[in-house]
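Reading the structure
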Amino acid sequence: SEDGNLVIVFNGEVYNYLELRNELAARHSFRSGTDTEVILAAYREWGIQCIHRFIGMFAFALWDIQQSEGFLVRDRLGVKPLYISDTPEGFFFASELRSILATGSVPRKINRIALTDYLRYQTVHAPLTIAHGVELLPAGHYMHFAAGARQSIRYWEAASDAVEYS
């Protein structure tokens, strides 16, 4: 971030970042033309509630050094994956399953329930993954972590945006 307090790892696109950038420009300086920088400014301005303003496909991890807290965020529809694994060696997250497996901290074992899902439906339903010990952060969720505690919170669901027809 502009002050060095926020750190982000970002995969995806925020389609409406130019609109958000224009709204934030009076109070934040930007060094690039990227949506990543807009996410940081939006977080600085609105806190984690900024995710309600993002239209796009994304997964990101944001760490606030000053507050000693962080967030893992996945887009509303779960277009971009965000894999997580809690092991005795630590908590891991990545946008690809093989990145977590490459740590060597997660045994390469098949999740039998996920395998049944795959054989029955030709897909594995989140939060399960084919790898035992690895889950997906569900679509429309974020995870807050601070002081060794983690909490997954749903911030969006399709039914909440449903339109009534008469």
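Everything in this summary refers to the structure shown in the same document. Residue indices begin from 1 for each chain and proceed along its sequence in written order. In keeping with the model being predicted, local features are shown solely for residues with a pLDDT of at least 70 and side-chain atom pairs are shown and tallied solely at 80 or more, while totals for entire chains, interfaces and linings include all residues. By convention in this description, side-chain values take in all heavy atoms of the structure and omit both hydrogens and water.

**Topic: the nonpolar core**
- Among the nonpolar cores identified, the biggest contains 25 residues, and Ile51, Phe54, Phe58, Phe60 and Val73 are the most heavily contacted of them.
- Going along the chain from the N terminus, every DSSP run of H or I of four or more residues is numbered as a helix, and every run of E of two or more is numbered as a strand. With six residues, the top contributor of residues to this core is helix 2 (residues 35–46).
- Residue contacts are defined here by distance: any two heavy atoms, one from each residue, within 4.5 Å place the two residues in contact. Residue contacts for phenylalanine 54: discarding those within four places in its chain leaves Val14, Asn16, Leu20, Ile39, Ala42, Phe60 and Arg76. What is meant by a nonpolar core is a set of buried Ala, Val, Leu, Ile, Met, Phe, Trp, Tyr and Cys residues, joined one to another through side-chain atoms within 4.5 Å. Exposed residues in this analysis have more than 50% of their type's maximum accessible area, buried residues have under 20%, and partly exposed residues fall in between, with area computed by a 1.4 Å probe over protein chains only.

**Describing the packing of helix 1 (residues 17–24) against helix 2**
- Between helix 1 and helix 2, whose axes approach to 10 Å, the crossing angle comes to 50°. Classified by the angle their axes make, helix 1 and helix 2 are oblique. Here helix 1 and helix 2 pass one another in a crossing that is left-handed. Listed contacts from helix 2 to Tyr17, Leu20, Arg21, Glu23 and Leu24 of helix 1 are Asp35, Val38, Ala41, Ala42, Glu45 and Trp46.
- Considered class by class, the residues forming the contact of helix 1 with helix 2 number seven nonpolar, no polar and four charged. Every axis in this analysis is a line fitted to C-alpha atoms, fitted for helices over the stretch in contact. Angles between the N-to-C directions lie between 0 and 180 degrees. Here the word oblique covers every angle except those under 35 degrees (roughly parallel), over 145 (roughly antiparallel) and from 65 to 115 (roughly perpendicular). Crossing handedness follows the turn of the near helix against the far one: under a right angle anticlockwise gives a left-handed crossing, and clockwise gives a right-handed one. Amino acid classes used here: Ala, Val, Leu, Ile, Met, Phe, Trp, Tyr, Cys and Pro are nonpolar; Asp, Glu, Lys and Arg are charged; the rest, including Gly, are polar.

**Quick notes on the sheet that holds strand 4 (residues 83–87)**
- For two strands to be treated as a pair, DSSP must find at least two bridges joining them. The three strands lie next to each other as 5-4-6, forming an open sheet whose pairing is antiparallel. A single partner strand is all that each edge strand has here, and the edge strands are strand 5 (90–94) and strand 6 (135–136).
- With five bridges joining them, strand 4 and strand 5 adopt antiparallel strand pairing. Of the residues in strand 5, the one forming a bridge with threonine 87 is glycine 90.

**As for the pattern of salt bridges**
- Salt bridge, as used here: a side-chain nitrogen of Lys or Arg that lies within 4 Å of a carboxyl oxygen of Asp or Glu. One pass over the full model with this rule turns up six salt bridges.
- Among the ionic pairs, glutamate 23 bridges to arginine 53, the shortest N-O distance being 2.9 Å. Here the residue glutamate 23 occupies a position in helix 1, and arginine 53 occupies one in the loop between helix 2 and strand 2 (56–64), the gap between them amounting to 30 residues.
- The closest approach of N and O atoms between glutamate 45 and arginine 27, which form a salt bridge, is 2.9 Å. With glutamate 45 in helix 2 and arginine 27 in the loop between helix 1 and helix 2, the pair connects residues that are 18 residues apart, well separated along the chain.
- Residue classification places arginine 27 among the partly exposed residues on the basis of a relative accessible area of 47%.

**Overview of helix 4 (residues 112–121)**
- Its side-chain oxygen 3.0 Å from the backbone nitrogen of isoleucine 113, asparagine 111 forms the N-cap of helix 4.
- One or two positions beyond helix 4, positive phi appears at glutamine 122, with a value near 60°. In protein, a polar contact requires one atom able to donate a hydrogen and another able to accept it; more generally it is a pair of N or O atoms within 3.5 Å, and residues adjacent in sequence count only if both atoms are side-chain atoms.

**Thoughts on the side chain of glutamate 69**
- If you trace the backbone, glutamate 69 turns up in strand 3 (residues 69–74).
- As used throughout, the charge tally considers Lys and Arg to be positive and Asp and Glu to be negative, leaving His and the chain termini uncounted. Here glutamate 69 sits buried without a salt bridge, and the closest side chain of opposite charge, arginine 44, lies 9.5 Å off (N-O distance).

**Comments concerning a nonpolar patch on the surface**
- Patch members must show over 30% relative accessible area and no salt bridge, and they are joined within 9 Å when carrying like charges or within 5 Å when they are nonpolar side chains of Val, Leu, Ile, Met, Phe, Trp or Tyr. In short, Shrake-Rupley with a 1.4 Å probe defines the accessible areas, and a residue's cover is counted only from the protein chains shown. On the surface, Ile110, Leu115, Tyr118 and Leu119 cluster together to form a nonpolar patch covering roughly 400 Å² of accessible area.
- Mapped onto the secondary structure, leucine 115 falls in helix 4.

**Digging into the sheet that holds strand 3**
- The five strands lie next to each other as 1-2-3-7-8, forming an open sheet whose pairing is antiparallel. Since the sheet does not close on itself, it has two edges, and those belong to strand 1 (6–14) and strand 8 (149–154), each with one partner. If you compare each strand with its neighbour and ignore which way they point, the axes differ by 10° on average.
- Inspection of the sheet shows strand 1 paired to strand 2 by nine bridges, in the antiparallel sense.

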